[in-house]
Amino acid sequence: MTVHDTPIANLRDLLADPDLFREAALINGDWLTRADLPVLNPATDSPIGHMPDCTAEETTAAIAAAEAAMTAWRKRTHAERADILMRWYQLMLDHADDLAMILTAEQGKPLAEAKGEILYGASFVRWFAEEARRINGYIIPSPVAGKKIFAMKEPVGVCAIITPWNFPNAMITRKVASGLAAGCTMVIKPSDFTPYSALALGVLGERAGIPAGVLNILTGRPEVIGATLTASPVVRKLSFTGSTRIGALLAEQCAPTLKKMSLELGGNAPFIVFDDADLDAAVEGAMASKFRNGGQTCVCANRILVQSGIHDAFVAALAKRVDALKVGSGMGDDTQIGPMINAAAIGKINTHVEDALSKGAQRATAKRDLTVQFADPMVLTGVTTEMQLANEETFGPVAPIFRFETEEEALAIANGTPFGLAAYFFTTDMARAFRFGEALDVGLVGLNTGVVSHAEAPFGGVKSSGLGREGAREGIEEYLETKAFHFGGLDA
Ligand SMILES: NC(=O)C1=CN([C@@H]2O[C@H](COP(=O)(O)OP(=O)(O)OC[C@H]3O[C@@H](n4cnc5c(N)ncnc54)[C@H](O)[C@@H]3O)[C@@H](O)[C@H]2O)C=CC1
Ligand SMILES: O=C(O)[C@H](O)CS(=O)(=O)O
């Protein structure tokens, strides 16, 4: 049997290092193996394993372990933390195939995309290993005699990390590597749909030398674990990636203890093609931005706006590419679009498509006959702002095309939602490039590209798309406090 025919129930048999597959939680260096709740293969809805249903008491124990580990971890030199992170990075590369297999088994994305995510996730570990050695404070010339003033960068403390199912490896490393580099300790709650990628990272973290208690990983019902994490005064920071609805709920729960917060939330990215765009580049960019992870990405193009002069040529070219997409199990050799994460995701996609068709949109691609776990990649034309998918994140492989006439009209539509994460536009007019790019009310702009995700660049949104930035130089500041140290009594 070839690998993609092998039932996922035998996941350990598919791994070169079966020890990476843990059906456990990690608290203070102890692996608690319990088969409380199933974890499903999204392609078949059959179990691939189980996970513990961690209790409020176990969450409290993880917080206490992180607090106890904080003293020694923050005392490590920046160079020592950097070395441990570089070992973690190398171990991720050495085990990339196994990490990708685990990721595809629980999340469903094609293996090739999963491997790409592992390398993307590892790039954050390398980036913050390098950043760890540049956490410099600064000395301030005192305005009065006899005093020296130091601005010192110190770790925030115990951090709660809550991550989504769509990038179950990279969303962990983008947060955790930054916090570890800063000298913080962590309690991680991965999505209950995709716990195993986080747990495999925990195994490799131990091997890299991350001490017991520094990295704790809890699995189970999110509301139980979340309530304890957000209420604890010991937890000084929350970093969350997920829906705006849950992000706002967690922010409300954190308010009584005034935690430092990083929120990377929902998006509704406009993808705008002007008449003077390079058609091939625009189609390539739309494929990259719209269909990455089957459209289950917060920076995916959610609305495609095409100027009248290029509209028909663009629709024809895009529809041809979408019709050719291979839909199937992520384990399939040539799969390009895997299953959606769950029935709720499929339901939201179907609701958006049916609403659009009922309000006059038309299919520009052929309808596929798929099982319930899969969404039909499609192009819809004649889309208007009256339709649900224009105002909500579809999070699926649906490319809705709006026709527009003027730059002003496109900008009004682009900025006309509560979200402000990513936006893309294609033009060869350099004056428009700066004028329009600066006018977009978002945190991430792609000009003549559909990819805006690199560890080196700040990642985050404005308005209802979140707070703070991850990656880049800004990312580590989210895990640091600045202490002004006034050194007096220095009069000669
Ligand atoms: N901005 C982004 O990157 C993402 C956006 N989304 C959006 O959210 C929609 C729903 O996707 P979900 O995975 O259901 O996102 P979600 O926001 O419900 O889940 C994200 C994380 O929050 C946790 N969570 C959920 N309720 C919680 C609670 N009461 N307390 C503590 N933690 C809680 C989940 O277990 C998961 O770890 C998607 O359709 C998409 O529109 C989802 C994932 C990522
Ligand atoms: O949550 C997401 O969808 C990710 O932040 C998108 S990316 O950083 O992997 O592009």
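Residues numbered from 1 in each chain as written. Chains lettered and ligands numbered in written order. Predicted model: local features only at pLDDT ≥ 70, side-chain atom pairs only at ≥ 80, totals over all residues. Heavy atoms only, no water.

Identification of the protein as Succinate semialdehyde dehydrogenase from Roseovarius pacificus is taken from an unreviewed UniProt entry. The UniProt entry for the protein carries the following comment under Sequence similarities (unreviewed entry): "Belongs to the aldehyde dehydrogenase family." (UniProt positions renumbered as here; feature names shortened; annotations may be inferred.)

Peer 1: Can you help me understand a nonpolar patch on the surface in this one?
Peer 2: On the surface, F485, F487 and L490 cluster together to form a nonpolar patch covering roughly 260 Å² of accessible area. The residue L490 is located in the segment after strand 22 (480-487) in this model. (Patch = residues over 30% accessible without salt bridge, like charges linked within 9 Å, V, L, I, M, F, W, Y side chains within 5 Å. Areas by Shrake-Rupley, 256 points an atom, 1.4 Å probe, with all protein chains shown as cover. Salt bridge = Lys/Arg side-chain N within 4 Å of Asp/Glu carboxyl O. Helix = DSSP H or I, 4+ residues; strand = E, 2+ residues; numbered from the N terminus.)

Peer 1: Would you explain the sheet that holds strand 12 (residues 269-273) in this entry?
Peer 2: Two orientations exist for strands paired in a sheet by backbone hydrogen bonds: parallel and antiparallel. Spatially, the seven strands line up as an open sheet ordered 14-15-16-13-12-18-19, and their pairing is mixed. Both edges of this open sheet fall to strand 14 (362-363) and strand 19 (444-447), since each of them pairs with a single strand only. Here strand 14 pairs with strand 15 (residues 378-381) via two bridges, running antiparallel. Residue pairing in the sheet places Q362 in a bridge with T381 of strand 15. Against the sheet, helix 9 (residues 279-291) touches strand 12, strand 13 (301-307), strand 15, strand 16 (398-404) and strand 18 (422-426), its axis set at about 170 degrees to strand 12. Contacts from helix 10 (residues 308-323) reach strand 12, strand 13, strand 15 and strand 16, with the element oriented near 135 degrees to strand 13. (Pairing = 2+ DSSP bridges. Contact = heavy atoms within 4.5 Å. Axes fitted to C-alpha atoms, helices over the stretch in contact; angles between N-to-C directions.)

Peer 1: Got a minute to help me understand the sheet that holds strand 5 (residues 138-140) in this structure?
Peer 2: Read across the sheet, three strands follow the order 5-6-22 without closing on themselves; strand pairing throughout is antiparallel. In this open sheet, the two edge strands, each paired with only one partner strand, are strand 5 and strand 22. Adjacent strand axes in the sheet meet at a mean angle of 25 degrees when their direction is disregarded. Both strand 6 (residues 148-155) and strand 22 contribute to a ladder of eight bridges, which runs antiparallel. For I149, the partnering residue across the bridge sits in strand 22 and is H486.

Peer 1: Can you help me understand the layout of surface pockets in this one?
Peer 2: Unfilled space is identified by rolling a water-sized probe across the atoms. Space inside the largest pocket adds up to approximately 1,100 Å³. Along the wall of the largest pocket there are 38 residues; nearest its centre are W165, G242, S243, R245 and I246. The set of elements that each furnish at least two residues to the lining of the largest pocket consists of helix 7 (222-231), strand 10 (235-241), helix 8 (244-254) and helix 11 (343-358). At six residues, helix 8 tops the list of elements feeding residues into the lining of the largest pocket. Of the residues assigned to the lining of the largest pocket, the class counts are 17 nonpolar, 14 polar and seven charged. (1 Å grid on protein atoms, 1.4 Å probe; cavity = no way out; pocket = protein on both sides within 12 Å on 5 of 7 lines; lining within 4 Å. Points joined across faces, edges and corners; volume = space filled by probe spheres on them. Nonpolar A, V, L, I, M, F, W, Y, C, P; charged D, E, K, R; others polar.)

Peer 1: Looking at this model, I keep getting lost on unusual backbone geometry. Mind explaining?
Peer 2: Excluding glycine, residues mostly carry a negative phi; peptide bonds, for their part, are mostly trans. The backbone of F395 shows a phi angle near 60 degrees, a positive value even though the residue is not glycine. Summarising the element assignment, F395 is placed in the loop between helix 12 (388-391) and strand 16. F395 sits in the buried class, given a relative accessible area of 14%. Phi angles above zero are rare outside glycine, and N448 is one such case at about 55 degrees. If you trace the backbone, N448 turns up in the loop between strand 19 and strand 20 (462-463). (Buried < 20%, exposed > 50% of the residue type's maximum accessible area, 1.4 Å probe, protein only.)

Peer 1: Looking at this model, I keep getting lost on helix 14 (residues 430-439). Mind explaining?
Peer 2: Each turn of an α-helix holds 3.6 residues, which means side chains three or four residues apart point in the same direction. Within helix 14, burial applies to R432, A433, F436 and G437. Summarising the axial view, the buried residues of helix 14 lie within an arc of 115 degrees, below the 170-degree limit, and thus occupy one face. Counted as exposed and oriented over 90 degrees from the buried face of helix 14: A431, F434 and E438. Taken together, the buried residues of helix 14 touch strand 12, helix 13 (407-415), strand 18 and strand 19. Of the residues flanking the start of helix 14, the one acting as N-cap is D429, its side-chain oxygen 2.9 Å from the backbone nitrogen of A431. (Arc of directions from axis to C-beta. Polar contact = N/O pair within 3.5 Å; in protein donor to acceptor, adjacent residues only side chain to side chain.)

Peer 1: Just to check I follow, could you spell out the side chain of K175 for this structure?
Peer 2: Along the polypeptide, K175 turns up in helix 5 (residues 170-182). Non-local contacts of K175, meaning those with residues more than four positions away in its chain, are made with I161, I162, T163, S239, F240, T241, E470 and Y479.

Peer 1: Even after reading the chapter, I still don't get the domain arrangement of the protein, so can you show me in this structure?
Peer 2: Interface size is commonly expressed as the accessible area that is lost once the parts come together. Domains assigned within the protein are domain 1 (11-265 + 466-483) and domain 2 (270-447). Computed from C-alpha coordinates alone, the two centres of domain 1 and domain 2 are separated by 31 Å. Taken together, the 24 residues of domain 1 in the interface contact 23 residues of domain 2. For the domain 1 and domain 2 pair, buried surface summed over both sides reaches about 1,800 Å², with 60% attributable to carbon and sulfur atoms. On the domain 1 side of the contact with domain 2, A43, P110 and W165 bury the most area, a combined 26% of that side's loss. For the interface between domain 1 and domain 2, the tally reads zero salt bridges. On inspection of domain 1 and its partner domain 2, the count reaches six residue pairs in polar contact (both at pLDDT 80 or more). When residues of the side of domain 1 that touches domain 2 are traced back to their parent elements, those giving at least two are helix 3 (96-107) and helix 4 (111-132). Looking at side-chain class alone, the side of domain 1 that touches domain 2 contains eleven nonpolar, seven polar and six charged residues. (Domains from an automatic or database assignment. Buried area = accessible area lost by both parts, 1.4 Å probe.)

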